[in-house]
Amino acid sequence: MDNTIIRFENVTKSYNDGTVVLKNINFELERGKFYTLLGPSGCGKTTILRIIAGFTDATTGDVFFNGKRINDVPANERHVNTVFQDYALFPHLNVFENVAFGLRIKKVKEVEVKERVQKALKFVNLAGYGNREISEMSGGQRQRVAIARAIVNDPDVILLDEPLSALDLKLRTEMQYELRELQQRLGKTFIFVTHDQEEALAMSDEIFVLSHGEIKQSGTPVDIYDEPINRFVADFIGESNIVDGIMIEDYKVKFAGKEFECVDGGMKPNEKIDVVIRPEDLEMTTPDKGKLVVTVDTQLFRGVHYELSTYDKDGNEWLVHSLKKAEVGEEIGLDFDPEAIHVMRLNETEEDFDKRLEAYGDEEHE
Ligand SMILES: Nc1ncnc2c1ncn2[C@@H]1O[C@H](COP(=O)(O)OP(=O)(O)OP(=O)(O)O)[C@@H](O)[C@H]1O
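All values derive from a computational prediction rather than experimental measurement.

Asker: What is the right way to read the overall build of the protein chain from this model?
Answerer: Broken down by element type, the protein chain carries nine helices and 20 strands. By its C-alpha atoms, the protein chain is 80 × 45 × 45 Å across when sized along the principal axes. The buried share of the protein chain, taken over its 366 residues, is 33%. Nonlocal contacts in the protein chain, meaning residues at least 24 apart in sequence, comprise 67% of its contacts between residues at least 6 apart.

Right under this line is the structure:
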């Protein structure tokens, strides 16, 4: 059976004032998975959610739900519910009535309303809180009321627009676990919007990284972290060292004034590229054993590791995560594996990346 629940085909969105918000969005979302739309403010994440919910139209392109085109289906006939950033709870109604609100509009029978609201409240660990006023609930509890209000309608898809951003860090981390666990218990599709990369990596089955109305990369958190395919993603997700380089030929790259063996290919000879190495992939050693020789500029203790900011003789900065301590001003060597060198074509899209990989039959990435 086709497990796809939502499909976007060449979806664009622009406004009358000429603002282009979504350029050409294509994706397929499967039933029962946790998806995250991740990107900086203004990249179009919320617009995608609004198009799915039916609060705004795509300018061109098609949106499918369970295989049926839904561009013209009104919001209240779509099997989706949204949890908003500010929760949008009614302050004059108690917890029970907030959750019951949608059911009452649909004129569901009182016995059923009671049963469904209680079940939803139990699901979000708020059994027994029905009579509380919203003002008597903490931030995390209000969040859970908002989620209960979404799940009480038994939608196929739950849309969550930065739902954790109003919470303090500790509560946010707790809610990350809770939301993920809730999604797995419910077995529904969640589409979660955030600009927080740690949140995205921690919670998702699959992440779509967006910038300026385009998907820059999609994949599992591990794929996106370990194999960023362009500078934007490498920079946005986790910490990265990014330097200019030249791809001399397949599996041979030059940067910081030296040639190195790498595992990438499929580019033009002597093509200008971006080189990315993660700080945890750089190992501190003595200068004679290092592939690069750098000078330590600053050192911060981060609890698990030391974070060293270092410079090579060309002035490139290399951030290093090291379990060993160094001395500021000391010359050290940096060692790394060929696999740790990520070579990226300038501004390569996901589609072009896939085509290039296919063309040169790379085994490492397949
Ligand atoms: N009615 C409108 N007319 C013109 N431009 C609009 C309109 N609504 C939204 N935009 C623009 O669309 C772009 C994308 O907005 P969107 O809310 O989707 O971004 P976002 O990634 O969710 O950002 P944030 O994280 O700040 O909410 C923004 O540049 C915004 O200014």
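Asker: Whenever I open this one, the pairing of strand S6 (residues 80-83) confuses me. Can you help?
Answerer: In the case of a regular strand, side chains alternate between the two sheet surfaces. Burial of the side chains of S6 extends over both faces: Val80 and Thr82 are buried on one face and Asn81 and Val83 on the other. The pairing of S6 with strand S7 (residues 157-161) spans four bridges and is parallel. By the bridge assignment for S7, Asn81 is matched with Ile158.

Asker: What is the right way to read the nonpolar core from this model?
Answerer: Side chains of nonpolar character tend, in soluble globular proteins, to be buried together. Membership of the largest hydrophobic core comes to 88 residues, with the highest contact counts inside it found for Val99, Ala148, Ile191 and Val209. Sort the elements by how many residues they give to this core and helix H4 (residues 139-151) lands first, with six residues. A domain-level breakdown of this core finds at least three residues from each of domain 1 (4-226) and domain 2 (283-335). Those residues in contact with Ile191, other than ones at most four positions away along the chain, are Tyr35, Leu37, Leu49, Ile52, Val157, Leu159 and Leu160.

Asker: Help me out: how do you make sense of the domain arrangement of the protein chain in this one?
Answerer: For interface size, the figure often reported is the accessible area lost on association. Domain annotation of the protein chain identifies domain 1 (4-226) and domain 2 (283-335). In this structure, domain 1 and domain 2 have C-alpha centres spaced 43 Å apart.

Asker: What should I look at first to understand the sheet that holds strand S16 (residues 292-301) in this one?
Answerer: Each strand in a sheet pairs with another by means of backbone hydrogen bonds, the pair being arranged parallel or else antiparallel. Taken in spatial order, the five strands line up as S15-S19-S16-S17-S18 in an open sheet, and their pairing is antiparallel. At either margin of the open sheet sits one strand with a lone partner, and together these are strand S15 (283-285) and strand S18 (317-322). The average angle at which neighbouring strand axes cross in this sheet is 45 degrees, direction not considered.

Asker: Help me understand helix H5 (residues 169-186) in this model?
Answerer: At 3.6 residues per turn, the α-helix brings residues three or four places apart onto the same side. When the terminal C-alpha atoms of H5 are compared, their 25 Å separation across 18 residues agrees well with the 26 Å that a helix rising 1.5 Å per residue should span. Among all positions in H5, only Met175, Leu179 and Gln183 are buried. Burial along H5 is one-sided: seen end-on, the buried residues are contained in an arc of 70 degrees. Away from its buried face, by an angle of more than 90 degrees, H5 presents the exposed residues Lys170, Tyr177, Glu181 and Arg185. The positive-phi residue at the C-terminal boundary of H5 is Gly187, with phi of around 70 degrees.

Asker: What is the right way to look at the site of the ligand in this model?
Answerer: Taken together, 13 residues lie near the ligand, and Tyr15, Ser41, Lys45, Thr46 and Thr47 sit nearest. Considering every element that reaches the shell around the ligand, the biggest residue donor is helix H1 (residues 45-53), with three residues.

Asker: Hey, could you run me through the pairing of strand S11 (residues 241-249) in this one?
Answerer: Bridge analysis of S11 against strand S14 (residues 271-277) gives seven bridges, and the strand direction is antiparallel. Paired with Ile242 across the two strands is Val276, which belongs to S14. Between the end of S11 and the start of strand S12 (residues 252-255), which pair antiparallel, lie two residues, with Tyr251 showing a positive phi angle near 65 degrees.

Asker: How should unusual backbone geometry be read in this particular structure?
Answerer: Negative phi is the rule for most residues except glycine; trans is the rule for most peptide bonds. Positive phi outside glycine occurs at Tyr251, with the angle close to 65 degrees. Secondary-structure assignment places Tyr251 in the loop between S11 and S12.

Asker: Just to check I follow, could you spell out the UniProt feature "domain: ABC transporter" (unreviewed entry) in the protein chain for this structure?
Answerer: The feature "domain: ABC transporter" (unreviewed entry), as given by UniProt, occupies residues 6-237 in the numbering adopted here. This span, residues 6-237, is 36% helix and 26% strand, and a straight line between its end C-alpha atoms measures 26 Å.

Asker: Can you help me understand H4 in this one?
Answerer: For H4, built from 13 residues, the straight-helix expectation of 18 Å at 1.5 Å per residue is met to within 8% by its first-to-last C-alpha distance of 19 Å. Looking only at H4, the buried set comprises Gln143, Arg144, Val145, Ala146, Ile147, Ala148, Arg149, Ala150 and Ile151. For H4, the elements touching its buried residues are S6, helix H2 (95-105), helix H3 (110-123), S7 and H5.

Asker: I would appreciate a short explanation of the packing of H2 against H3 in the present structure.
Answerer: Geometry of a packed helix pair, given as the angle between the helix axes and the separation of the axes. One can describe the packing of H2 onto H3 by two numbers: an axis separation of 10 Å at closest approach and a directional angle of 130 degrees. What the angle tells us is that H2 and H3 run oblique. Relative to H3, H2 is oriented so that their crossing is right-handed. On H3, the residues touching Phe96, Val99, Ala100, Leu103 and Arg104 of H2 are Val113, Arg116, Val117, Ala120 and Leu121. For the contact of H2 with H3, the class distribution of residues is eight nonpolar, no polar and two charged.

Asker: In this structure, what is going on with the sheet that holds strand S9 (residues 206-211)? I would like to understand it.
Answerer: Within the open sheet, the six strands sit side by side as S6-S7-S8-S3-S9-S10. Their pairing is mixed. The open sheet terminates on both sides in strands that have one partner only, identified here as S6 and strand S10 (214-219). Across the sheet, the mean angle from the axis of one strand to that of its neighbour is 20 degrees, orientation sign disregarded.

Asker: Explain the environment of Ala100 to me, please; I cannot follow it from the model alone.
Answerer: Inspection of the secondary structure puts Ala100 in helix H2. Classification of Ala100 by C-beta neighbours within 10 Å gives buried; the count is 23. Between the alpha carbons of Ala100 and Arg149 there is a distance of 7.1 Å; along the sequence they are 49 residues apart. Residue contacts for Ala100: discarding those within four places in its chain leaves Val113 and Val117.

The rules we used
- Residues numbered from 1 in each chain as written.
- Predicted model: local features only at pLDDT ≥ 70, side-chain atom pairs only at ≥ 80, totals over all residues.
- Helix = DSSP H or I, 4+ residues; strand = E, 2+ residues; numbered from the N terminus.
- Buried ≥ 20, exposed ≤ 12 C-beta atoms within 10 Å, placed from the backbone.
- Contact = placed C-beta atoms within 7 Å.
- Pairing = 2+ DSSP bridges.
- Core = buried A, V, L, I, M, F, W, Y, C linked by C-beta atoms within 7 Å.
- Domains from an automatic or database assignment.
- Axes fitted to C-alpha atoms, helices over the stretch in contact; angles between N-to-C directions.
- Expected span 1.5 Å × (residues − 1).
- Arc of directions from axis to C-beta.
- Near = placed C-beta within 6 Å.
- UniProt positions renumbered as here; feature names shortened; annotations may be inferred.
- Parallel < 35°, antiparallel > 145°, perpendicular 65-115°, else oblique.
- Left-handed = near helix turned anticlockwise from the far one by under 90°.
- Nonpolar A, V, L, I, M, F, W, Y, C, P; charged D, E, K, R; others polar.

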